[in-house]
Each structure stands twice: as C-alpha cells, then as structure tokens.
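So you can see what is in the structure, the chains are spelled out below.
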Amino acid sequence: MFQIQNTLVSLDLAEEYFCCDLDKCKGACCIEGDAGAPVTLDEIAQLEEVLPEVSADMLPRAVEAVEAEGVAYPDVDGEMVTTLLDGAACAFCTFAKDGLCLCAIDKAYREGRVGWRKPASCALYPVRLKEYDCYTAVNYHRWKICRPAIENGRRLGIRLYQFLEGPLTEYFGKEWYDELALVCSEWNRQHPQPR
C-alpha cells in the first residue's frame, strides 16, 4: 500500500493494467451484481434532482421502480446504493442500439442537460473507497467481467491509476493525483511488471 495524504492506496492501482473496452463488455458492470452503485446522501439528493431530466432515457420499468422505491436503498451492509431493475441492472441504465449499456445521468451530462456527471463510485470504478476514522482506503475491485479491460490496458500499456486519472483527480484533487502518479511511476520503475 501507498500512503497518499489521508488515504491508503492499494498497490494494484500502480501494478494492474486496465482500460475499459466497452465494445467487448457492453457496460456489464452497470448490469450485473447483487447491489446498486454505492451513493452518499449528497448523491442521493443529486439523483433526485436530475431524475426528471434523465428519466426520458431510462427504461420505462426502471422509472416505475424509482418512483415506487426511490433512487436508492440500503444494501445488506446498510450502505445506500442505487435502485436496481429486477434485482440486476442499475435503474439509471440506458441502452444504445448495439446493446451497449450507458449511464442515463452521464449521457444527459455529456449532452449538457444536467450539471452533474454521476455518482463517484461509478466514475471511479473499478476502484472502491472505504472510509475509516483516520483515512480512506482506495482499493481495486476485481471482477471477471472486467477481463476485457485488463487485456485492453495491457495491450495499450495503461495502468489503473492512469486510466482513472480524471475521476481520481476530480475526487481527491490534482495535488493528490500528482503524488499518486509519481509514487506509482517510481514503484513500477523499481518493480517492473511484464505486459
């Protein structure tokens, strides 16, 4: 682990190759799993605020689910997560003609219809954060559906910390990310990994 300011960062961010390959996975991380995306209370308020604008892109059954159950619910650990459709896909999914799963919130943001991109846990995935009293743990969540991203990252020579430069900078700040990048680069120079 690396200590970067008040975070403990898994070595996986430095060592693992990763670059999403949506043509192969079709956005499966938004569809599969046993719970929705983790959200904070502030993000729940944001979800409620953008719902009127993004609901046009959501599946009609997903809109009904959110209207009936709310934008989020507590999972088995008591943490708030986005509402699911049929216990699988995030209710905020939208689908392209080729079957690619996209985030309706991110789509609306890119089109300039809302001013918020999406929950941090979605932007940072496959990194997961865990808050403790004195620090935040920054860990890599391994999942078999991300195998194409690992292969793509290896082929392109992109490490996980590099792939997530934008979201990590947005969440932790430029100074934090620059320190992380320096530490990861030095770690990889001293501990070369084969592609």
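Remember, it's a predicted structure, so these values are computed and weren't measured experimentally.

What counts and what doesn't
Residues numbered from 1 in each chain as written. Predicted model: local features only at pLDDT ≥ 70, side-chain atom pairs only at ≥ 80, totals over all residues. Heavy atoms only, no water. Pairing = 2+ DSSP bridges. Helix = DSSP H or I, 4+ residues; strand = E, 2+ residues; numbered from the N terminus. Axes fitted to C-alpha atoms, helices over the stretch in contact; angles between N-to-C directions. Contact = heavy atoms within 4.5 Å.

Caption draft 1: Looking closely at the sheet that holds strand E2 (residues 7–9). As summarised here, the arrangement of the four strands in space is E1-E2-E10-E9, forming an open sheet in which the pairing is mixed. Sheet topology places strand E1 (2–4) and strand E9 (127–131) at the edges, where each strand pairs with a single neighbour. Neighbour to neighbour, the strand axes of the sheet diverge by 25° on average, direction disregarded. In terms of strand pairing, E9 meets strand E10 (residues 136–140) through five bridges, oriented antiparallel. Residue Lys130 lies in a different strand from E10, and its bridge partner there is Ala137.

Caption draft 2: Structural detail: the side chain of Asp21. The topology assignment puts Asp21 in the loop between helix H1 (12–15) and helix H2 (22–25). Setting aside residues up to four positions removed in sequence, Asp21 forms contacts with Pro148, Ala149 and Asn152.

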